[in-house]
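Here is how the chains run, residue by residue.
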Amino acid sequence: MSRPLLRGATGGRVSGNSNDLWDSQMKDKTEKEDLDRNRSSDQSYLALRFPFRVLFPENNSPSKYGSGENGFASDPFIVGSPRSRHKWALLLLKLSLAVIVILALTGSFWWTISITTMSRGQILHNYRRLQEQLVSDLWDIGELSLGSSRLQELEFCSEESENYAPCFNVSENLALGYSDGSENTRLCGQSSRQSCLVLPPVNYRIPLRWPTGRDIIWVANVKITAQEVLSSGSLTKRMMMLDEEQISFRSVSPMFDGVEDYSHQIAEMIGLRNESNFVQAGVRTILDIGCGYGSFGAHLFSKQLITICIANYEPSGSQVQLTLERGLPAMIGSFNSNQLPYPSLSFDMLHCARCGIDWDLKDGYFLIEADRVLKPGGYFVWTSPLTNARNKENQKRWNFVRDFAENLCWEMLSQQDETVVWKKTSKRSCYSSRKPGAGPSTCSKGHDVESPYYRPLQGCIAGTQSRRWIPIQEKTTWPSRSHLNKTELAIYGLHPEDFSEDAEIWKTTVTNYWSVLSPIIFSDHPKRPGEEDPSPPYNMVRNVLDMNAHLGGFNSALLEAGKSVWVMNAVPTSGPNYLPLILDRGFVGVLHDWCEPFPTYPRSYDLVHAKGLLTLQTHQQRRCTMLDLFTEIDRLLRPEGWVIIRDTAPLVESARMLITRLKWDARVIEIESNSDDRLLICQKPFFKRQGVSS
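Everything quoted here is computed from the prediction, not taken from an experiment.

A.B. asks: Help me understand the overall build of the protein, please; the structure alone is not making it clear to me.
C.D. replies: Looking only at helices and strands, the protein has 21 helices and 18 strands in total. Across the 694 residues that make up the protein, the buried fraction comes to 53%. For the protein, the proportion of contacts with a sequence separation of at least 24, taken over those separated by at least 6, is 74%. As presented, the protein carries roughly 32,100 Å² of accessible surface, and 53% of it is formed by carbon and sulfur atoms.

A.B. asks: Help me understand the sheet that holds strand β6 (residues 306-311) in this model?
C.D. replies: Pairing between sheet strands relies on hydrogen bonds along the backbone, with the strands arranged either parallel or antiparallel. Here seven strands make up an open sheet; going across it, the order is β7-β6-β5-β8-β9-β11-β10 and the pairing mixed. Either end of the sheet is taken by a strand with one partner, and the two such strands are β7 (330-332) and β10 (410-416). Ignoring strand direction, the axes of neighbouring strands in this sheet form an average angle of 20 degrees. Examined bridge by bridge, β10 and strand β11 (residues 419-424) share six bridges and lie antiparallel to one another. Paired with W410 across the bridge in β11 is K424. Taken strand by strand, helix α12 (residues 365-373) contacts β5 (285-289), β8 (347-353), β9 (374-383), β10 and β11, and its axis lies near 135 degrees from that of β9.

A.B. asks: Sorry if this is basic, but what is going on with the packing of helix α20 (residues 626-636) against helix α21 (residues 649-658) here?
C.D. replies: The angle between the axes and the distance between the axes are what describe a pair of packed helices. Contact geometry of α20 with α21 gives a least axis separation of 11 Å together with a crossing angle of 65 degrees. Relative to α21, α20 is oriented so that their crossing is right-handed. Listed contacts from α21 to M626, L627 and F630 of α20 are L651, A655 and L658.

A.B. asks: Can you help me understand the pattern of salt bridges in this one?
C.D. replies: Should the charged atoms of two oppositely charged side chains come close, the side chains can pair. A full pass over the atoms with the stated rule returns 25 salt bridges. The residue D606 makes a salt bridge to R638 at a minimum N-O spacing of 2.9 Å. One end of the pair, D606, is in strand β15 (residues 605-611); the other, R638, is in strand β16 (residues 637-648), and 32 residues separate them in sequence. In terms of burial, D606 and R638 fall into one category: buried. Here R656 ties to E653 by a salt bridge, and the two come within 3.0 Å at their closest N and O atoms. One end of the pair is R656 and the other is E653, both in helix α21 and three residues apart, which spans about a single turn. Summarising the burial analysis for this pair, R656 and E653 share the class buried.

A.B. asks: Please explain unusual backbone geometry as it appears in this structure.
C.D. replies: Excluding glycine, residues mostly have negative phi values, and the peptide bonds linking residues are mostly trans. In the segment running from W210 into P211, the intervening peptide bond is cis, with an omega of 5 degrees. Within the secondary structure layout, P211 lies in the loop between α5 (170-175) and α6 (212-215). For the bond from W478 to P479, the omega torsion is 5 degrees, close enough to zero to count as cis. Mapped onto the secondary structure, P479 falls in the loop between α14 (429-432) and α15 (486-491). In this structure, R603 takes a positive phi of about 65 degrees despite not being glycine. Relative to the helices and strands, R603 resides in the loop between β14 (588-592) and β15. Residue classification places R603 among the buried residues on the basis of a relative accessible area of 6%.

A.B. asks: Where do I start with the pairing of strand β12 (residues 543-546) in this structure?
C.D. replies: Note on strand geometry: in a regular strand, side chains alternate between the two faces of the sheet. Residues N543 and L545 point to one face of β12 and V544 and D546 to the other, with burial holding for every one of them. Of the strand pairs in this sheet, β12 and strand β13 (residues 566-572) are connected by four bridges, and their pairing is parallel. Residue pairing across strands places L545 opposite M568, the latter belonging to β13. The handedness of the β12 to β13 crossover, carried by helix α17 (residues 553-560), is right-handed. Pairing between β12 and β15: three bridges, direction parallel. The residue of β15 that forms the bridge with D546 is H609.

A.B. asks: Explanation requested: the side chain of S482 in the structure shown.
C.D. replies: As for its placement among the helices and strands, S482 is situated in the loop between α14 and α15. Ignoring anything within four residues of it in the chain, the contact list for S482 reads F499, R585 and F587.

A.B. asks: What am I meant to see in the nonpolar core here?
C.D. replies: Within soluble globular proteins, side chains that are nonpolar tend to cluster in buried spots. By size, the foremost hydrophobic cluster in this structure holds 88 residues, and its most contacted members are L287, Y342, W359, L545 and F630. In terms of residue count, α20 provides more of this core than any other element does, six residues in total. Among the domains, domain 1 (157-178 + 481-522 + 537-682) and domain 2 (254-475) are the pair contributing at least three residues each to this core. When neighbours within four sequence positions are excluded, F630 is seen to be in contact with L614, I645, A655, L658, I659, L662 and W664.

Conventions we followed
Residues numbered from 1 in each chain as written. Predicted model: local features only at pLDDT ≥ 70, side-chain atom pairs only at ≥ 80, totals over all residues. Heavy atoms only, no water. Helix = DSSP H or I, 4+ residues; strand = E, 2+ residues; numbered from the N terminus. Buried < 20%, exposed > 50% of the residue type's maximum accessible area, 1.4 Å probe, protein only. Contact = heavy atoms within 4.5 Å. Areas by Shrake-Rupley, 256 points an atom, 1.4 Å probe, with all protein chains shown as cover. Pairing = 2+ DSSP bridges. Axes fitted to C-alpha atoms, helices over the stretch in contact; angles between N-to-C directions. Left-handed = near helix turned anticlockwise from the far one by under 90°. Salt bridge = Lys/Arg side-chain N within 4 Å of Asp/Glu carboxyl O. Right-handed = clockwise from strand over helix to strand, strands pointing away. Core = buried A, V, L, I, M, F, W, Y, C linked by side-chain atoms within 4.5 Å. Domains from an automatic or database assignment.

Shape is all these values report; function is a separate question.
Below, the structure is given as structure tokens:
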């Protein structure tokens, strides 16, 4: 276990009108003095711990000129206009006025020159700092007026919430009249927000380090029973073994090589020697629909492929929860009624092995959505007993899927046993050469295919007008794909110099992050509740969430630094949409509105990173509060997990005061002396549920 950070100062008052998102407070002078005393007690500790200087603002020093009643600095000079009855005084006054006019004109002249020579960027920079400080001050004023009740720490949620994913309520949807699979639809409302902290299950244990944790997980960490394991599909049962404490996924063993044989079969059906040649064929990213427990993706990970699992919300025995517990990419997603939160042309391969999707339903809309997210030249792999149907009804269903796939301009490459492989066309002309009325029409040029945030399923073929319509066989292979060339960058309006500069900045940033975390992670480890600690070094971070991914630079820098991580690149709907670029680089990611819960289960990530997200969220027009955001981060974070937030000094300081309500350990760090940004490093403690029987 990592050594917990010392708690942040608790003497300051915490902001938080629940309806005011980013409004800030002007700190009370007395509270500031208490806050500074608490900070100063930790200064020597942090000087040894961190290579960066810890921020201790000197805000309690008296003003140079004193302070007026309204709180603003008073004028140090008082200009008087003395009266005199004598003529010499009148002459002196006239002379003084003449001198003042001359000096004023001279000063105005030189001021004009200085303004015209001053950098416009510096003016805007200083103006932005004043704006941010004003936001922070206003928030502080509002919060301080609410009294000490705002300092109360949040309560823990009930036991029923320990595996609950907000926005997915099947019983409530059924009561509203949803049916035929649409009851799994994601519906977020005000009631989806949690105002409590989710505790882990009884007997929860810290996941095993990677790669051991890929093949062995603790039973207590997930909600699944032995009966659910035994009742799962035959392929899944061969890959799992359940005992009292652990679930073992044995796909890596030569004795249980079902997944290896299966992936080898798919490669041969495509025309490759084996699955190691997927990368040479242009395959890097795979969307695994109804992934079981992620064993297909776990096997392909060693082949430099990244597979993201999506499946419906399940109250227990969840495919997504178990896959994440293994340290593999996954999120809750559904084809039932809405588009997935991915742009068009996102993945090189779609895989569905007994995934529970009835592709023949809803007039083929599910297949149209699959076509939308599949890149030109990409592959659709379907394993189902329906492909070998014997009765007339199932044969009719199979014929519909086969014919519809042909009208989508998919070429059937091969069929073996229950598995069929199609290849999506890489020629736009295929759509215009179809028979009139055969298959869905192509979407209009104005059809938005880059930002589909849970929109209703569409009945037209999207993506054919996109400049990103490039066959995967014509793209550079991984890992070169992550470094986009000049032509590819031009699609997104980016210059190679800017892209290279962003990459270099992130390389340095990742080095700095690890120089902060490493002394803590690899220091002497206090005991975890109820167990002994393994000896360092060991991998503390595997699942990473980047809440404001921008160009995917954090993901790229982590991989280049040799970190054994995968990153979920979340692109906020309130900011610029670079998710298509991130996916074209060979990473995985999703669009998300951070005023809503993220589509996953509690305890999904070891590290949550957010650069500039607080600034971005100031434009959300009070749709949610900063406390809402941090409560959601707490739900997503594993016990002993880390949070790294980089933003402007006023917002980071306000966030640091606020998260004391979440019981996190936190410190604010100044990264560069000439930067307005600050780094907020937090760790979520391991709280165990007390007084509850297993």
